[in-house]
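Structural description and commentary
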Amino acid sequence: MENLALKASGITKYFHDPVKMQVLKEINMEVKKGEFVSIIGKSGCGKSTLLYILSTMDTDYEGTLEINNVLATGQSLNNLARIRNESIGFVFQFHYLLPDFSCLKNVMIPALRLGKLSYKEAEETAYEKLKMFGVEDQALKKAGKLSGGQQQRVAIARALVNNPAIIMGDEPTGNLDSKNTGIVFDLFKQLSKEYGQTLITVTHDEDFAKRSDRTIVMADGQIINKPM
Amino acid sequence: MKISVNTEIALTYLTSRKKQTVVASLGVMFGISMFIFMQSLMKGTNDYFEKMSFTNTPHIRLYSENKVADNHMLKSYFNDPSEKILTNPKQLNQSLGLTNPYGIIEQIRRNPEVANTTPQVTGNVLYTSGSVELPGNMAGVQIDEEDKMFDVQSNMVSGNLHDLNRVHNSILIGKGIADKLSLHTGDNITVRSGNGNTLMMRVVGIFSTTVKQIDDTKSYANISAVQSLMGKDRSYVTEIKINLVNYMNASKVARDIETITGYKAEDWIKANEQLKAAFKIRAIILNSVIGVLLLVAGFGIYNILNMTIYEKIKEIAILKAQGFSGSSVTSIFLQQAIYIGVMGGIVGLILGFSLTFMVSKIYIGAGTLKYLPMSFYIPHYIQALCFGIFTTVAAGYFPARKASKVDPVTIIRG
């Protein structure tokens, strides 16, 4: 029980606009610590919606969500922000860096927000992470000046800077070529194996999914196979 | 110095859009500098007119008021409220002079609020030279005291006012009288009082205030000369003029003096109601102009921050996804508003001061007014800064709150 990173029970969600429509139906899922899980499914099956609920950003759902055995459902927005800051790293399909800041600053900002490290330490950690993805030479450039692939790698480095327990990715390799996808996948694998970090990614990439520890297949707002 | 991550983000946003930041702070700058400039001009002008009004009005004027007879003495004699007394009230036939004026002056001088006090005899006279007669009024004064209180010397066009004490039956006349009667210093003038006495006097000086009505009618003579012209004795004094250490206390001191002496004490505020009304109207006009200026500056800031938030909405969503709380986001945008306000405010203070300083060197040269009257009054600068910062915070608050309410899911998922 205590080695569960995330536990969702009875997650149900409706979209209200333009008409009321059920997108998630009674989803139950558990993710162990250090597990590398992929969620796949057709467009519109609700996999991204599920991921946003699991990330605590979306609070409009029924059911309960526990992160590191702490109930996240019903917590105040400020508490959820703190939980995200501390234990969840999020990688989006599009990089979403802050273009006015240098890459290093972009990576540092979540660490500075958390406030556990001094400015100097945060800078070192951020540089470290950039190095992992081979973009350390871009550290002082404005994020807006980088190529798409480089930006995505900086974005992943940013998700990792606080060493979160859970890393979530919404098509994290969607904008990367096969070489970079390979690099990112290997790193994800390494994070889960060596550092015990939990990874949950939504992907279209069958190959990527197959190579992860476990694949959750979704269709019409339900999990249709759940190989344990 | 360790700055918080919110501050760092706010500063980066400000510096990455320098043009917009500068435009927004220019708005605040103009608002604040205009505020200072206009307040300085208004206070300067008001002070000037206040000072001007004291060149011929004392802070307090004590005189004997005509009274209407009443029946309070009778009432106390009958001492019975059921008795109804029918009377026909009449003006009392009493002297216009004050009883025991020098005793009163002694008493008034003991008041620590009083700076100067001088007796005066005023009478209506006819000035005659050759066949021309001119009505006017003559003030019998102690010229040294009068000069101390009203700076008569500064109005002198020719002659010497101290000759009033040296030359027997001498007179200082207004420039209007001198022109109309074609008189110069050293000429003689015949003055006739209301009761028919005439006196030949020598013109020892000519003065010119900026008020035509005064220049055309007024003259100064020694108090004893006027007393004898009026056919009165040496204790005849029609009014006592009092100047205070601080003229803002005039109404209070006037009430005290009224109670002690039993004569009417009129303070300068009552004597210059129209001046006060003009002050008020000017204040309303200027304050509304300043209000509009700051409002416009506020809308500028509101607009720019609103635009920033639309531009940065994805970044705000991302910050929230990374664990920035709503209050952190509010702080980021409110700080931007405050920095714009402080920057514009400080430059505005400097600009306001320089503008005021430059305008105070503009030569006007009308009457006794040489340069535009501007005041350099520190509280105006403090007020201006407070107003400026208040406006920017108010203008920044609403966009900042809107930013804090951005829902990351809707923005990121599109």
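Calculation notes
- Residues numbered from 1 in each chain as written.
- Chains lettered and ligands numbered in written order.
- Predicted model: local features only at pLDDT ≥ 70, side-chain atom pairs only at ≥ 80, totals over all residues.
- Helix = DSSP H or I, 4+ residues; strand = E, 2+ residues; numbered from the N terminus.
- Rg over C-alpha atoms; globule rule 2.2 N^0.38 Å.
- Buried ≥ 20, exposed ≤ 12 C-beta atoms within 10 Å, placed from the backbone.
- Contact = placed C-beta atoms within 7 Å.
- Pairing = 2+ DSSP bridges.
- Arc of directions from axis to C-beta.
- Nonpolar A, V, L, I, M, F, W, Y, C, P; charged D, E, K, R; others polar.
- Domains from an automatic or database assignment.
- pLDDT = per-residue confidence, 0-100.
- Axes fitted to C-alpha atoms, helices over the stretch in contact; angles between N-to-C directions.
- Parallel < 35°, antiparallel > 145°, perpendicular 65-115°, else oblique.
- Left-handed = near helix turned anticlockwise from the far one by under 90°.
- Core = buried A, V, L, I, M, F, W, Y, C linked by C-beta atoms within 7 Å.
- Expected span 1.5 Å × (residues − 1).

Before going further, it helps to examine the overall build of chain A. The helix and strand inventory of chain A stands at seven helices and ten strands. A compact globule built from 228 residues would reach a C-alpha radius of gyration of about 17 Å, and chain A, at 17 Å, matches this within 12%. Expressed as lengths along the three principal axes of its C-alpha atoms, the size of chain A is roughly 45 × 40 × 40 Å. With 228 residues in all, chain A has 48% of them scored as buried. Put simply, of all contacts in chain A between residues at least 6 apart along the chain, 70% involve residues at least 24 apart.

Quick look at the overall build of chain B now. Along chain B, the regular secondary structure elements total 16 helices and twelve strands. Seen through its principal axes, chain B has C-alpha atoms that stretch 105 × 70 × 40 Å. Relative to all contacts within chain B whose residues are 6 or more apart in sequence, the contacts with residues 24 or more apart total 79%.

Residue and element names in this part refer to chain B. With respect to the helices, strands and loops of the structure, Gly123 is situated in strand β2 (residues 114-129). Gly123 gets classed as buried once you count the C-beta atoms within 10 Å, which come to 23. It is 6.8 Å that separates the C-alpha atoms of Gly123 and Ala139, two residues lying 16 residues apart in sequence. In this view, Gly123 contacts Asn137, Met138, Ser193, Gly194, Val226, Leu229 and Met230; residues no more than four positions away in its chain are not counted.

It is worth spelling out the sheet that holds strand β5 (residues 70-71) of chain A at this point. Residues and elements named next belong to chain A. Reading across the sheet, the four strands line up as β2-β1-β4-β5 and stay open at both edges, with antiparallel pairing between neighbours. The open sheet has two free edges, formed respectively by β2 (21-32) and β5, since each of these has just one partner strand. Of the strand pairs in this sheet, strand β1 (residues 4-15) and strand β4 (residues 62-67) are connected by five bridges, and their pairing is antiparallel. Note that in β4 the partner of Leu6 across the bridge is Ile67.

Residues and elements named next belong to chain B. Listing the buried residues of helix α4 (residues 101-109) in full gives Pro101, Ile104 and Ile108. Looking straight down α4, one finds its buried side chains confined to an arc of 60 degrees; they lie on one side. In this structure, α4 carries Gly103 and Glu106 as exposed residues pointing more than 90 degrees from its buried face. Summarising the contacts, the buried residues of α4 are in contact with β2, β9 (239-244) and α10 (250-261).

This part takes up the interface of chain B and chain A. Interfaces are frequently sized by the accessible area removed from exposure as the parts join. Taken together, the contact pairs 19 residues of chain B with 21 residues of chain A. Residue assignment for the side of chain B that touches chain A shows that the elements contributing at least two residues are α1 (5-16), α13 (313-321) and α16 (408-413) of chain B. The residue makeup of the side of chain B that touches chain A, split by class, is eight nonpolar, six polar and five charged.

For the rest of this paragraph, the subject is the domain arrangement of chain B. Segmenting chain B into domains produces domain 1 (5-53 + 275-413) and domain 2 (60-81 + 90-271). One C-alpha centre belongs to domain 1 of chain B, the other to domain 2 of chain B; they are set 53 Å apart.

Glancing now at the confidence of the model for chain B. Looking at chain B, the pLDDT average stands at 85 and 98% of residues meet or exceed 70. Here the predicted complex carries an ipTM of 0.84, next to a pTM of 0.72.

Another point: unusual backbone geometry. Positive phi, normally seen in glycine, also occurs at Asn163(A), with a value near 45 degrees. When you line up the elements, Asn163(A) lands in the loop between α5 (148-160) and β7 (166-170). Positive phi values are uncommon outside glycine, yet Ser182(B) reaches one of about 55 degrees. Note that Ser182(B) resides in the loop between α7 (175-181) and β6 (188-193).

So, on to the environment of Ser64(B). Residue and element names in this part refer to chain B. With respect to the helices and strands, the residue Ser64 is situated in the loop between β1 (60-63) and α3 (72-78). Overall, the presence of 19 C-beta atoms within 10 Å leaves Ser64 in the partly exposed class. Once the C-alpha coordinates of Ser64 and Lys75 are considered, the two residues, eleven residues apart in sequence, prove to be 25 Å apart.

Quick look at the packing of helix α2 (residues 18-53) of chain B against helix α14 (residues 326-359) of chain B now. Residues and elements named next belong to chain B. One way to put it is that α2 packs onto α14 with a least axis distance of 7 Å and a crossing angle of 40 degrees. By the angle class used here, α2 and α14 are oblique. Both α2 and α14 take part in a crossing whose hand is right-handed. Residue composition of the contact of α2 with α14, grouped by class: 15 nonpolar, twelve polar and no charged.

Attention shifts here to the nonpolar core. Counting residues in hydrophobic clusters, the biggest one holds 113 residues, and the most contacted among them are Ile39(A), Leu54(A), Val107(A), Leu130(A), Val154(A), Ile200(A) and Ile301(B). The element best represented in this core is α2(B), accounting for twelve residues. Aside from chain neighbours lying at most four places away, what touches Ile39(A) is Lys47(A), Leu50(A), Leu51(A), Ile200(A), Val202(A), Ile216(A) and Met218(A). Ranked by size, the runner-up nonpolar core spans 46 residues in total, among them Tyr127(B), Met138(B), Ile240(B) and Ala254(B).

A separate point is α10(B). Residues and elements named next belong to chain B. Its twelve residues give α10 an end-to-end C-alpha distance of 16 Å, which sits within 8% of 16 Å, the value for a rise of 1.5 Å per residue. Of the residues making up α10, those classed as buried are Ala250, Val253, Ala254, Ile257 and Thr261. The buried residues of α10 occupy an angular sector of 105 degrees when the element is viewed end-on, so they sit on one face. Those residues of α10 that are exposed and aimed more than 90 degrees away from the buried face are Lys252, Arg255 and Thr259. Contacts made by the buried residues of α10 are with β1, α4, β9, β10 (264-267) and α11 (268-271).

Residue and element names in this part refer to chain B. A large share of β9 lies buried, amounting to six of its six residues. Burial along β9 is two-sided: the residues Glu239, Lys241 and Asn243 and Ile240, Ile242 and Leu244 are all buried. For β1 and β9, the ladder comprises four bridges, and the chain directions are antiparallel. In the sheet register, Tyr63 faces β9, and the bridge partner there is Glu239. As judged from the six bridges shared by β2 and β9, these two strands associate in the antiparallel manner. Bridging from a neighbouring strand, Asn116 pairs with Asn243 of β9.

Before going further, it helps to examine the confidence of the model for chain A. In this model, chain A carries an average pLDDT of 84, and 97% of its residues clear a pLDDT of 70 or more. Per-element mean pLDDT across chain A ranges from 80 in strand β10 (residues 222-225) of chain A up to 90 in strand β8 (residues 198-202) of chain A.

Moving on to the environment of Ile173(B). With respect to the helices, strands and loops of the structure, Ile173(B) is situated in strand β5 (residues 170-174). Apart from the residues lying within four places of it in its own chain, the contact partners of Ile173(B) are Ala178(B), Leu183(B), Ile189(B), Val203(B), Ile206(B) and Ser219(B).

All names here are of chain A. Between helix α3 (residues 103-114) and helix α4 (residues 119-132), the least distance of the axes is 9 Å, while the angle of their chain directions is 125 degrees. What the angle tells us is that α3 and α4 run oblique. At the point where α3 passes α4, the crossing takes the right-handed sense. Together, Cys103, Leu104, Val107, Met108, Ala111 and Leu112 of α3 and Ala122, Glu123, Thr125, Ala126, Tyr127, Lys129 and Leu130 of α4 make up the contact between the two elements. Its residues placed into classes, the contact of α3 with α4 shows ten nonpolar, one polar and two charged.

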